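# Per-entry structural report
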Amino acid sequence: MVSLEERLEKWRRLEEEAREIRRREADWKFIEGLPPKLRAALKYYVEVGDMYVASRIAGLTVEEFNELRKRAGIPNVS
Amino acid sequence: MSLSDFAIADTCFLIDWSYWSHRNVLFKLFRAVFVPEVVLREVKSERAVEWIAAMLASGQLALYTETSDVVGLATRIVERSRLVPGLRGVDLPEAICLAVGKLRGYVVLTENRGAIMAVDFLEELSGVVIWRALEVVKEAIRRGSITGDPRQVFKLYEEETKHRFSRAELEAVINELEGKAGEVEEAGGGGEGD
Amino acid sequence: MSLKERLEKWRRLEEEAREIRRREADWKFIEGLPPRQRAALKYYVETGDIRTSAKLAGLDLEDFRELMRKANVPVVT
């Protein structure tokens with residue numbers, strides 16, 4: 001039976017890997033050129049990968065934010 | 001009085017608090033501070049949005065999605081606040097925070113006079129704990145999360161945020177802290193800076 | 001504390017806050033503003049009601065708070 005610590009560590013590694021991919025692939029020039037809310041929301045999404053919260057920061061629907069994410073070159077990593 | 005692990009913050013609190021150089025001391029007092037979606041919609045300045053987004057990413061802030069029971073109570077609070085003569089009306093974003101304070105026991109962080117008065121007058125809000133920046137800074141000093149002369153700490157907050165504390169209440173808080181500082185000195189205690 | 005005593009307590013606090021707002025405001029700046037923003041700031045100085053003031057100014061809450069900073073009008077609590 002895998003301990004809680006081991007499970008947390010496994011997910012931490014997966015999250016870190018996903019974060020690295022999002023950071024690497026993002027179009028930072030595009031992101032930095034955006035207004036504050038959209039910029040902050042995309043940066044949040046790169047770090048955390050939570051599209052719902054990111055869409056709330058941006059003031060967009062989830063679908064609208066998803067389109068923005070694609071334009072910013074940030075992959076949805078799962 | 002035991003403090004809740006959680007707090008919920010309204011727009012008026014966040015947009016002033018985000019200007020303060022010691023703003024992250026908030027997270028030494030609570031496990032997480034919730035931000036209702038209705039409040040997040042109102043925040044748009046670069047300074048506030050970037051700070052909030054960074055703190056959401058680190059888990060120190062958390063998004064609060066309003067549920068129907070919260071909205072229902074909040075709506076009643078808005079209505080009831082307009083029935084008491086002399087009571088300033090409460091608007092929905094503040095009422096949402098008050099409702100969560102009542103239903104979940106979170107400390108409500110607000111600078112809104114209407115919300116503060118409502119807790120004093122409305123039976124349905126009995127037991128709700130409201131903290132303004134005054135109480136947050138006081139608690140941070142009391143716990144040693146901020147060190148230095150309390151007067152200077154509060155003065156810095158006023159200067160950086162363009163917020164003013166009621167003089168009588170500030171004096172009462174400072175007197176209380178200076179009395180407490182005396183006890184700590186006698187016991188040989190100390191605090192760490194932010 | 002009775003209802004009357006509580007109302008009196010809040011009335012005194014409101015009066016103190018209003019005095020602070022009146023004293024600290026940059027009236028030269030305020031008088032130079034367009035009519036809506038000027039009226040909204042004057043309303044805020046007198047009442048401390050930020051949401052209604054923002055609506056009067058035709059601004060959202062955070063933009064009105066920034067206008068208050070420029071006009072040196074504090075939030076007093």
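Rules and cut-offs
- Residues numbered from 1 in each chain as written.
- Chains lettered and ligands numbered in written order.
- Predicted model: local features only at pLDDT ≥ 70, side-chain atom pairs only at ≥ 80, totals over all residues.
- Helix = DSSP H or I, 4+ residues; strand = E, 2+ residues; numbered from the N terminus.
- Buried ≥ 20, exposed ≤ 12 C-beta atoms within 10 Å, placed from the backbone.
- Contact = placed C-beta atoms within 7 Å.
- Rg over C-alpha atoms; globule rule 2.2 N^0.38 Å.
- Nonpolar A, V, L, I, M, F, W, Y, C, P; charged D, E, K, R; others polar.
- Pairing = 2+ DSSP bridges.
- Right-handed = clockwise from strand over helix to strand, strands pointing away.
- pLDDT = per-residue confidence, 0-100.
- Core = buried A, V, L, I, M, F, W, Y, C linked by C-beta atoms within 7 Å.
- Domains from an automatic or database assignment.
- Arc of directions from axis to C-beta.

Further remarks concern the overall build of chain C. Along chain C, the regular secondary structure elements total five helices and one strand. Taken from N to C terminus, the helices and strands of chain C fall in the order α-α-α-α-α-β. With the C-alpha coordinates of chain C rotated into their principal frame, the extents come out at 45 × 25 × 15 Å. Counting only residues that meet the buried cut, chain C has 34% of its 77 residues in that class. A sequence separation of at least 24 residues applies to 53% of the contacts in chain C between residues at least 6 apart.

This next bit is on the overall build of chain B. On a plain count of helices and strands, chain B comes out with nine helices and six strands. Taken against the 2.2 N^0.38 rule, which gives 16 Å for 194 residues, the C-alpha radius of gyration of chain B at 17 Å falls within 12% of a compact globule. Dimensions of chain B, computed from C-alpha atoms along their principal axes, come out at roughly 50 × 40 × 30 Å. In chain B, the share of contacts with a sequence separation of at least 24, taken over all contacts with a separation of at least 6, comes to 71%.

Counting from both sides, the interface comprises 22 residues of chain B and, opposite them, 19 residues of chain C. Where the side of chain B that touches chain C is concerned, the elements lending two or more residues are helix 1 (11-17), helix 6 (113-121) and strand 6 (163-164) of chain B. Here the side of chain B that touches chain C is composed, by residue class, of seven nonpolar, five polar and ten charged.

We now examine unusual backbone geometry. Backbone geometry places Lys162 of chain B, a non-glycine residue, at a positive phi of 60 degrees. For Lys162 of chain B, a count of 19 C-beta atoms within 10 Å gives the class partly exposed. Of note, the phi angle at Asn72 of chain C is positive, near 60 degrees, even though the residue is not glycine. Along the chain, Asn72 of chain C turns up in the loop between helix 5 (61-70) and strand 1 (75-76).

A word on the pairing of strand 2 (residues 32-36) of chain B. Residues and elements named next belong to chain B. The buried count for strand 2 comes to four of five residues, which makes it a mostly enclosed element. Pairing analysis gives three bridges linking strand 1 (residues 6-9) to strand 2, with the strands arranged parallel. Paired with Ala7 across the strands is Val33, a residue of strand 2. Each parallel crossover has a hand, and the one from strand 1 via helix 1 to strand 2 is right-handed. Alignment of strand 2 against strand 3 (residues 61-64), held across four bridges, turns out to be parallel. Within the sheet, the bridge partner assigned to Val33 lies in strand 3 and is Leu61.

One rule of thumb: low pLDDT means the predicted coordinates there are not for detailed reading. Residue and element names in this part refer to chain C. Here chain C averages 95 in pLDDT, and 100% of its residues register 70 or above. Put simply, helix 1 (residues 3-24) is where chain C has its lowest mean pLDDT, 92, and helix 2 (residues 27-31) is where it has its highest, 98. Interface predicted TM-score (ipTM) for the complex: 0.88; the corresponding pTM is 0.89.

Ala41, Tyr44 and Ile57 of chain A together with Ile8, Ile52, Leu98 and Ala118 of chain B are the most contacted members of the largest nonpolar core, which totals 97 residues. The element contributing the most residues to this core is helix 3 (residues 46-58) of chain B, with eight residues. Apart from residues no more than four positions distant in its own chain, Ile52 of chain B is found in contact with Leu14, Val35, Val43 and Leu61 of chain B.

Before going further, it helps to spend a moment on the interface of chain B and chain A. With twelve residues of chain B at the interface, the matching set in chain A holds twelve residues. Among the secondary structure elements, those contributing two or more residues to the side of chain B that touches chain A are helix 2 (37-42) and helix 3 of chain B. In terms of residues, the side of chain B that touches chain A owes the most to one element, helix 3 of chain B, which gives six residues. Residues of the side of chain B that touches chain A, tallied by class, amount to six nonpolar, one polar and five charged.

As a further point, take the environment of Gly72 of chain B. All names here are of chain B. Structurally, Gly72 can be placed in helix 4 (residues 68-81). On the basis of neighbour counts, which here come to 12 C-beta atoms within 10 Å, the residue Gly72 falls in the exposed class. On a C-alpha basis, the gap between Gly72 and Asp91 in space is 13 Å, while along the polypeptide they are 19 residues apart.

Another aspect to go through is the domain arrangement of chain B. All names here are of chain B. Per the domain assignment, the segments of chain B are domain 1 (6-131) and domain 2 (133-187). Here domain 1 and domain 2 have C-alpha centroids that lie 22 Å from each other. Taken residue by residue, the interface counts 13 residues in domain 1 and eleven residues in domain 2. Grouping the amino acids of the side of domain 1 that touches domain 2 by side-chain chemistry returns eight nonpolar, two polar and three charged.

A few words now on helix 5 (residues 62-71) of chain A. Residue and element names in this part refer to chain A. If you check which residues of helix 5 are buried, you get Phe65, Leu68 and Arg69. Taken down its axis, helix 5 places every buried residue within 105 degrees of arc, on the same side. Facing away from the buried side of helix 5 by more than 90 degrees, the exposed set consists of Glu63, Glu64, Glu67 and Lys70. Contacts made by the buried residues of helix 5 are with helix 3 (36-48) and helix 4 (51-58). Looking at the residues trailing helix 5, positive phi occurs at Gly73, about 75 degrees.

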